[in-house]
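# Descriptive structure summary
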2 protein chains.
Amino acid sequence: MVRQEQPRAQSPGGFRQTVRLFTSSSDMATEGTEIAEETEQMIDQKEPENPVSAVVDSKEMRAVVLTGFGGLNKLKVTKKPMPEPQEGEVKIRVKACGLNFLDLMVRQGNIDNPPKTPLVPGFECSGIVESVGENTKGFEIGDRVMAFVNYNAWAEVVCSPLDFVFKIPDDMTFPEAAAFSLNFVAAYMMLFEVANLREGMSVLVHSAGGGVGQAVAQLCSTVPNVTVFGTASPFKHEAIKHSVTHLFDRNLDYVPEVKKISPEGVDIVLDCLCGENTGKSLTLLKPMGTYILYGSSNMVTGETKSFFSFAKSWWQVEKVNPIKLYEENKVMAGFSLLNLLFKQGGCRQVQTAVQKLLSLYEQKKIKPVVDSLWALEEVKEAMQRIHDRGNIGKLILDVEKSPTPLMANDSTETSEAGEEEEEQEGDNDNKERMPFIQ
Amino acid sequence: MVRQEQPRAQSPGGFRQTVRLFTSSSDMATEGTEIAEETEQMIDQKEPENPVSAVVDSKEMRAVVLTGFGGLNKLKVTKKPMPEPQEGEVKIRVKACGLNFLDLMVRQGNIDNPPKTPLVPGFECSGIVESVGENTKGFEIGDRVMAFVNYNAWAEVVCSPLDFVFKIPDDMTFPEAAAFSLNFVAAYMMLFEVANLREGMSVLVHSAGGGVGQAVAQLCSTVPNVTVFGTASPFKHEAIKHSVTHLFDRNLDYVPEVKKISPEGVDIVLDCLCGENTGKSLTLLKPMGTYILYGSSNMVTGETKSFFSFAKSWWQVEKVNPIKLYEENKVMAGFSLLNLLFKQGGCRQVQTAVQKLLSLYEQKKIKPVVDSLWALEEVKEAMQRIHDRGNIGKLILDVEKSPTPLMANDSTETSEAGEEEEEQEGDNDNKERMPFIQ
């Protein structure tokens, strides 16, 4: 118990209670010191009822740490020093984090120029602004936000430059927000900025049941008369059949299946598989069609780094002659939202896309699909589930969730903090957690 | 004099006079037989005044013929049988034809799967509808039109399926129309359909003084705040400096020149050069930028087929790994309007583009730039001029023009038909014919 040592202007742990006060009393939200006093009084009152929140040391936070590249056993939940916002940064008390296939590839070290371990994985989160650094205009303590983060998302607290942080609508839940950021922005930018989706076009998307796949399907439905061809494991077909026009078994060759329905091919292929799919997809494109490579999940074949490592796959992917594109009137593109954000200074383009997407959300034209919620301590099971492609929609790490008793055999430094999970709010009430082994 | 043999429903030669009647008497235009009778009477009256029109045998027409692949000496003007429109076709009395760099490559046989010779070159023309085949709705005799043709454009008469024929505005001259079709449609589709040009973007275009280059510059000016980087021979800079933002000498390496002004690169590169430019252009692209290959003029180095034939250039062009595009967030595309039209069934997309372009023309936002007008018999000189990149805007073959006395030393079967050229109408009045050897 170190609360006495913390500066008064800094929000303490047990933020879940604090938040509720802020959101119901917005006129207080700008007055940092008073809020901190209020919060402390609240925590004191709450402490007997909710000891977990109170025991969090405000100099430390829980985080998922990848201790080295490899299998699931390289993931641990541990305590890390509490980050503080630098100039231009926003400090976020994280509520939910998105788990992506890319996180699995990071775990394996199956990416180009992997960073050094140990590291905290995770590229997106949602939560509440807890404090802001100097010169950080536009955000106030208590704001509900989502953020893109260049690693470090899977933690209780994240600090992010303000360019990567976005306020979310009042009726968007935190899991929805964490499911929204990368998947919908990627889907939007690919469909509307790279490929120029218009009325009457057709789109092929792999992993139609996944986070990007479901975002693509929803965004396609905002344009009249768009045909969506999707591939997915057969067990998902019943659940997602209404979101796409034609569904194929992902184990079959989709090229003849698509050609049976549309002999002239499709206008847009979104490929997250890579490998032989590049050539197949280019074949399947109509003239003036666009192929976009946005992932390489085919490189992942087992729990640890695949034989087809990143470097090898580079040479095994079919290279394309621009003269072939000229003769066939085709477009070949690659899209990496994380590179755009964190290596290429593409914030502004992403901000424009986010604003358009939030507008579509508020018009109720799109809604992120959350597959399941997992405690930080359950990250291994969650990752196994995405590896097995068992998810329909997005896997979310719910920072405040405790492991379900069934799963709570994971030894971490913070596992003693486990408690029964509060009931989920909003749309996630009726989400059943699906079994993680099919 | 064979007029007696011709069917009455078919318009005879001397159409220039006939047209003037049709366009001033549109209520007659649907009545084919009556018009034919009227026309014959008119010709009879006109004959003494204009013997050249009358001597044209309606069973034959003048055309430029490529007798074999090779140098300029493979081009002849000769008489060919008069084509008649099949079902769904429009017969056009040609007034003007566009001459493109591609025609030069065709002459050399420097294209993929060249057709058999002898052939009549030319892919675009403008003129007046002389008759229509069965089931050819939407066109009437006397309509002023432009057409895309799969060869055979460089002739006095062209028959084309109606999907490739477009009515032109009353105030668009025939040379303008022939300068408009391929260049503006290609520029439009590349900028707005492949590359998604929007406010604030930057575009690099080579051969900025050429037909496509000038179309690109004009279309870019219809979007706010677009920066156009162009390369051109220094002698053209004064003439075209107002059409682009920054002009570079085409003999210099444009990459450092562009980077001096825009270190982060450009959004769109339009490449008609091919070869080493693919790699250089991809380097110059901003993230989310688009490279479009739409020609390969670098393959042409001399008058006859270059050492770098099409087949060889295929292997010498740098092939691109889609993973590189993924990492760099780049788009690589190829665009061939002729393949889209004549091999890939892309009429409908082209029709949409033409309608949008004609609307821009009528709003006076775009206007084709005609470099110079040439008689059919002057095709060699015209081709030399485009080979030498001497043109600013489009080279036009004016079917009714006679060779200027200086040039009229070319022996062809129809050279005896030469007469002094009438004064050019409209915008071309003040076009000086530029010397064809710089």
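What comes next concerns the included structure. Residue numbers run consecutively from 1 along every chain, following the written order of its sequence. In the order they appear in the text, chains get letters beginning with A and ligands get numbers beginning with 1. Thresholds applied to this predicted model are a pLDDT of at least 70 for local features of residues and 80 or more for the giving and counting of side-chain atom pairs; totals over whole chains, interfaces and linings are not thresholded and use all residues. Values reported for side chains reflect all heavy atoms of the structure, with hydrogen atoms and water molecules removed beforehand.

### As for the overall build of chain A
On a plain count of helices and strands, chain A comes out with 14 helices and 15 strands. Scored against the burial criterion, the 438 residues of chain A give a buried share of 61%. Nonlocal contacts in chain A, meaning residues at least 24 apart in sequence, comprise 73% of its contacts between residues at least 6 apart. Where accessible areas are quoted, they stem from the Shrake-Rupley method and a 1.4 Å probe; at the residue level, only the protein chains shown are allowed to cover. Looking at chain A as shown, the accessible area adds up to about 17,600 Å², and 50% of this sits on carbon and sulfur atoms. Secondary structure follows DSSP: runs of H or I at least 4 residues long count as helices, runs of E at least 2 residues long count as strands, and numbering of each begins at the N terminus. Each residue is assigned to one of three classes by its accessible area relative to the maximum for its type, calculated with a 1.4 Å probe on protein chains only: buried under 20%, partly exposed between the two thresholds, exposed over 50%. The criterion used for residue contact is that any of the two residues' heavy atoms lie within 4.5 Å.

### Section: the relation of the copies chain B and chain A
Each copy superposes on the other: chain B lies on chain A with an RMSD of 0.0 Å after a rotation of 180° and an axial shift of 0.0 Å. Here the copies are linked by what is in effect a two-fold axis. Interface overlap between copies: 100% of the residues of chain B at the interface are likewise at the interface in chain A, consistent with a symmetric, same-surface contact. What sets the superposition is a least-squares fit of C-alpha atoms, and only residues with pLDDT of at least 70 in both copies go into it.

### Thoughts on the sheet that holds strand S12 (residues 285-293) of chain B
Working definition: the strands of a sheet are paired by backbone hydrogen bonds and lie parallel or antiparallel to each other. With mixed pairing, 12 strands are arranged side by side in an open sheet as S10(A)-S9(A)-S8(A)-S11(A)-S12(A)-S13(A)-S13(B)-S12(B)-S11(B)-S8(B)-S9(B)-S10(B). A single partner strand is all that each edge strand has here, and the edge strands are strand S10 (246-249) of chain A together with strand S10 (246-249) of chain B. Adjacent strand axes in the sheet meet at a mean angle of 15°, parallel and antiparallel pairs treated alike. The strands that helix H9 (residues 277-284) of chain A touches are strand S8 (202-205), strand S11 (266-271), strand S12 (285-293) and strand S13 (331-334) of chain A; relative to S12(A), the one it contacts most, it runs at about 155°. What makes two strands pair is DSSP finding at least two bridges between them. Axes here mean lines fitted to C-alpha atoms, for a helix over just the part in contact, with angles spanning 0 to 180 degrees between N-to-C directions.

### A closer look at the state of the cysteines
We call a pair of cysteine sulfur atoms a disulfide whenever their separation is within 2.5 Å. According to the stated counting rule, one finds zero disulfides over all chains in the structure shown. With no disulfide of its own, Cys159(A) has Cys125(A) as its nearest cysteine by sulfur position, at a separation of 10 Å. Accessibility expressed as a relative area gives 17% for Cys159(A), which makes it buried. This cysteine, Cys97(B), is not joined by any disulfide, and Cys125(B) carries the nearest cysteine sulfur, 5.9 Å off. Judged by its relative accessible area of 0%, Cys97(B) is buried.

### Examining the packing of helix H4 (residues 101-108) of chain A against helix H14 (residues 379-387) of chain A
All names here are of chain A. Interhelical geometry of H4 versus H14 gives an angle of 110° and a closest axis separation of 9 Å. Judged by the angle between their axes, H4 and H14 are roughly perpendicular. Side by side, H4 and H14 meet where Phe101, Asp103, Leu104 and Arg107 of the first sit next to Met383, Ile386 and His387 of the second. Note on residue classes: Ala, Val, Leu, Ile, Met, Phe, Trp, Tyr, Cys and Pro are nonpolar, Asp, Glu, Lys and Arg are charged, and everything else, Gly too, is polar. When grouped by side-chain class, the residues that make up the contact of H4 with H14 number four nonpolar, one polar and two charged. Each angle receives one of four descriptions, namely roughly parallel if under 35 degrees, roughly antiparallel if over 145, roughly perpendicular if within 65 to 115, and oblique otherwise.

### As for helix H8 (residues 254-261) of chain B
Residue and element names in this part refer to chain B. Within H8, the full set of buried residues consists of Tyr254, Val255 and Val258. Here the buried residues of H8 occupy an arc of 100° about the axis, which is enough to place them on one side. The inward-facing, buried residues of H8 contact strand S8 (202-205), strand S9 (227-232), S10, strand S11 (266-271) and helix H9 (277-284). In this description, the arc belongs to the directions extending from the helix axis to the C-beta atoms.

### A word on the side chain of Glu156(B)
Inspection of the secondary structure puts Glu156(B) in the loop between strand S5 (144-148) and strand S6 (157-161). Given a relative accessible area of 9%, Glu156(B) falls into the buried group.

### Overview of the interface of chain B and chain A
Contact residues are listed per partner, giving 42 residues for chain B and 42 residues for chain A. A 1.4 Å probe defines the accessible area here, and the buried area is the portion of it lost by two parts on being joined, summed over both. Interface area, chain B with chain A, both sides summed: about 3,800 Å², of which 60% is carbon and sulfur. A pairing counts as a salt bridge when a side-chain nitrogen of Lys or Arg comes within 4 Å of a carboxyl oxygen of Asp or Glu. The interface formed by chain B and chain A includes two salt bridges. The closest approach of N and O atoms between Arg198(B) and Glu193(A), which form a salt bridge, is 3.9 Å. Within 3.5 Å is the distance limit for a polar contact, defined as a pair of N or O atoms, with the added protein rule that one can donate a hydrogen and the other accept it, and that residues adjacent in sequence qualify only through two side-chain atoms. Counting every contact that joins chain B to chain A gives 16 residue pairs in polar contact (both at pLDDT 80 or more). Within the residue set of the side of chain B that touches chain A, elements represented by two or more residues are helix H5 (174-194), S12, helix H10 (310-316), helix H11 (322-328), strand S13 (330-334) and helix H12 (337-342) of chain B. Its residues assigned to classes, the side of chain B that touches chain A shows 22 nonpolar, 11 polar and nine charged.

### Here's the deal with empty space enclosed by the protein
The distinction between a cavity and a pocket rests on a 1 Å grid over the protein atoms alone: a 1.4 Å probe fits inside a cavity but cannot get out, while a pocket stays open yet meets protein on both sides within 12 Å along at least five of seven lines, and a residue with an atom within 4 Å of a point counts as lining. Grid points are joined across faces, edges and corners, and a volume is the space filled by probe spheres set on the points. Summed over the entire model, instances satisfying the criterion amount to seven cavities of 30 Å³ or more. There is about 660 Å³ of room inside the largest cavity. Lining the largest cavity are 36 residues, and of these Asn100(B), Phe101(B), Leu102(B), Val212(B) and Tyr294(B) sit closest to its centre. Broken down by class, the residue content of the lining of the largest cavity amounts to 17 nonpolar, 15 polar and four charged. Of the voids in this model, the second largest cavity is the one considered here, and its volume is about 130 Å³. If you trace the second largest cavity, you find 14 residues lining it, with Ala195(A), Arg198(A), Met288(A), Thr290(A) and Glu193(B) closest to the centre. Looking at the lining of the second largest cavity, the elements that each hand over two or more residues are S11 and S12 of chain A together with H5 of chain B. Considering each element in turn, the lining of the second largest cavity owes the most residues, three residues, to S12(A).

### Things to note about the packing of aromatic side chains
The pairing test for Phe, Tyr and Trp rings, Trp by its six-membered ring, is centres within 6.5 Å, and the orientation test on the planes gives stacked under 30 degrees, edge-to-face over 60, and tilted for anything in between. Using the criterion set out here, one finds 14 aromatic pairs over all chains in the structure. With a centroid separation of 6.1 Å and 15° between ring planes, the pair formed by Phe229(A) and Phe248(A) is classed as stacked. Here Phe248(A) lies in strand S10 and Phe229(A) lies in strand S9 (residues 227-232), a separation of 19 residues in the sequence. With respect to class, Phe229(A) is no different from Phe248(A); both count as buried. When the centroid spacing of 5.8 Å and the interplanar angle of 80° are considered together, the rings of Phe148(B) and Phe166(B) count as edge-to-face. Placement of the pair is Phe148(B) in strand S5 and Phe166(B) in strand S7 (residues 165-167), with a sequence separation of 18 residues. Following the ring pairs from residue to residue traces out a cluster consisting of Phe180(A), Phe184(A) and Tyr361(A). Above the ring of Phe139(B), the side-chain terminus of Lys167(B) is found at 5.7 Å from the ring centroid. A ring has a charge above it when a Lys NZ or an Arg CZ is no more than 6 Å from the ring centre and no more than 35 degrees off the ring normal.

### Considerations on unusual backbone geometry
All names here are of chain A. Here Thr117 and Pro118 are connected by a cis peptide whose omega angle stands at -5°. At Asn329, a residue that is not glycine, the phi angle is positive and equals roughly 55°. Position of Asn329 among the secondary structure elements: in the loop between helix H11 (322-328) and S13. Residue Asn329 is classed as buried on the basis of its relative accessible area of 0%.

### Topic: the environment of Ser181(B)
Residues and elements named next belong to chain B. Position of Ser181 among the secondary structure elements: in helix H5. Taking C-alpha positions, Ser181 is 9.4 Å from Leu357, a pair spaced 176 residues apart along the chain. A distance of 2.7 Å separates the side chain of Ser181 from the side chain of Glu124, its partner in a polar contact.

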